[in-house]
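The residues making up each chain are set out below.
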Amino acid sequence: MTKLGRELAAKGINIISLSIGEPDFNTPDHVKEAAKTALDENYTRYSPVPGYPELRQAIVNKLKTENNLDYDISQIVVSTGAKQSLSNVILTLINPGEEVIIPTPYWVSYSEMVVLAEGKSVFIDTTIESDFKITPEQLEAAITPKSKLFMFSSPCNPTGTVYSREELAALVMVFEKYPDIYILSDEIYEHINFVDQHESIAQFDSIKDRVIIVNGFSKAFAMTGWRLGYIAANKEIAAANDKMQGQTTSGTCSISQRAGIVAYESGLETVLEMKKAFARRRQLVYELLNDIPGVKTNLPDGAFYFFPEISSFFGKKDADGNVIKDSADLALYLLNVGHVATVGGDSFGNNNYIRLSYAASDESLIEALRRIKEALAKLS
């Protein structure tokens, strides 16, 4: 959808994109200055495969200070973005035919990474009524003798769902019964949450050794183009990821790493300012979505997405008589008629929804939701 939106924009059509998953803020100046300094100091050669020791230590310090989690640098592997970190973990853990349990909706690449590893995805469906959260009963029902990995994100892309400590603890009680299942916890949206604090499933000692945290710098520090992510895991898994990465991409960009050290050592002031803006926009979009007949939404606790239910428009026709059959059709209709780029929920495993990013200016969001409301009202 982002590609189609850009193609229409290139033709002179005013497209408002709510389809892309990145902050609309610039990387903080002090982080950019660190990159310039790194160039001046000639950090331009190959970096260690798992990352510079100074960056890995900064990550260890962050996990202790912000999350009360104890790791050492041998348990940290820095990669070219959290996406590569996820891929490395799956490729090193999953053998052909083994099952990966994934709650839906999920980030689009999860299931495709499982395909690359020749594994099998087992989906647990959720709905807006449960704030897109699974129950312990659903988790246990999905487990089979072939289950190897449970994979989820909190805060979640695409729903903004955030699991509380109590909810995670209930899931942990299930995992305690199945000691051969690993847990891959995607926490890339950690700092964009609107609850008291981020809760990591790695905080539970009974399963910590089986948890692989994936995180990075792209969302919190608006560093999407810098491609800087990492895992925190037990030493065996970290070593396997190091070995895998050494035969694929090798070490991450040296300049990005030096900037990452400064990002983590300089505090969260810029992150908190960005979070304030997202909180304001979240409330704005929530009110505007609730004003559109036929659209059903919840109020997400994190990330910068809404995942409204739009199935009431299925079966309706546009002005040319074309029938809206699914979320992909509706997203395409909103792009062509409303000139707003969204993403159909089928891409995330839940066809009755669409994803809207509110990583855009207040003015753009107001205009986009006006266009969406007007376009949907034309369907009959």
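Preceding this paragraph is the structure being described.
Just so you know, these numbers come straight off a predicted model, no measurement behind them.

Rules of the game
Residues numbered from 1 in each chain as written. Predicted model: local features only at pLDDT ≥ 70, side-chain atom pairs only at ≥ 80, totals over all residues. Heavy atoms only, no water. Helix = DSSP H or I, 4+ residues; strand = E, 2+ residues; numbered from the N terminus. Buried < 20%, exposed > 50% of the residue type's maximum accessible area, 1.4 Å probe, protein only. Contact = heavy atoms within 4.5 Å. Core = buried A, V, L, I, M, F, W, Y, C linked by side-chain atoms within 4.5 Å. Domains from an automatic or database assignment. Pairing = 2+ DSSP bridges. Axes fitted to C-alpha atoms, helices over the stretch in contact; angles between N-to-C directions. Parallel < 35°, antiparallel > 145°, perpendicular 65-115°, else oblique. Left-handed = near helix turned anticlockwise from the far one by under 90°. Nonpolar A, V, L, I, M, F, W, Y, C, P; charged D, E, K, R; others polar.

> I'd like a rundown of the environment of Ile101, residues and numbers included.
Here Ile101 shows up in strand β3 (residues 99-103). Here Ile101 falls in the buried class, since its relative accessible area comes to 0%. Taking the C-alpha atoms as reference points, Ile101 and Glu374, 273 residues apart in sequence, are found 39 Å from one another. Setting aside chain neighbours within four positions, we find Ile101 in contact with Val122, Ile124, Ala142, Ile143, Ser147, Leu149, Phe150 and Met151.

> Go over the nonpolar core with me, naming the residues and quoting the values.
Nonpolar side chains in soluble globular proteins tend to be buried together. Among the nonpolar cores identified, the biggest contains 60 residues, and Leu18, Leu184, Leu330 and Leu376 are the most heavily contacted of them. Residue contributions to this core peak at 6 residues, all from helix α12 (residues 362-377). Among the domains, domain 1 (1-21 + 270-377) and domain 2 (44-266) are the pair contributing at least three residues each to this core. In this structure, Ile76, Ile143, Ala232 and Ile255 belong to the second largest nonpolar core, which totals 50 residues.

> Provide a residue-level description of the sheet that holds β3, including the pertinent values.
Spatially, 7 strands are ordered β2-β8-β7-β6-β5-β3-β4 in an open sheet, and the strand pairing comes out mixed. This sheet does not close on itself; its edge strands, each paired only once, are β2 (76-79) and β4 (120-124). Strand-to-strand twist across the sheet, computed as the mean angle between neighbouring axes with direction ignored, equals 20 degrees. Taken together, the 5 bridges between β3 and β4 define a ladder with parallel strand orientation. Looking across to β4, one finds that Val100 is bridged to Ser121.

> Summarise the packing of helix α1 (residues 2-10) against helix α11 (residues 327-336); cite the residues concerned and give the values.
Relative orientation of the contacting elements α1 and α11 amounts to 20 degrees, with a least axis distance of 11 Å. When the interaxial angle is binned, α1 and α11 end up roughly parallel. For α1 against α11, the interelement crossing comes out right-handed. Here α1 contributes Leu4, Gly5 and Leu8 to the contact with α11, which in turn contributes Leu332, Leu335 and Asn336. Here the residues of the contact of α1 with α11 are counted per class, giving 4 nonpolar, 2 polar and no charged.

Nothing here speaks to function; it is all geometry.
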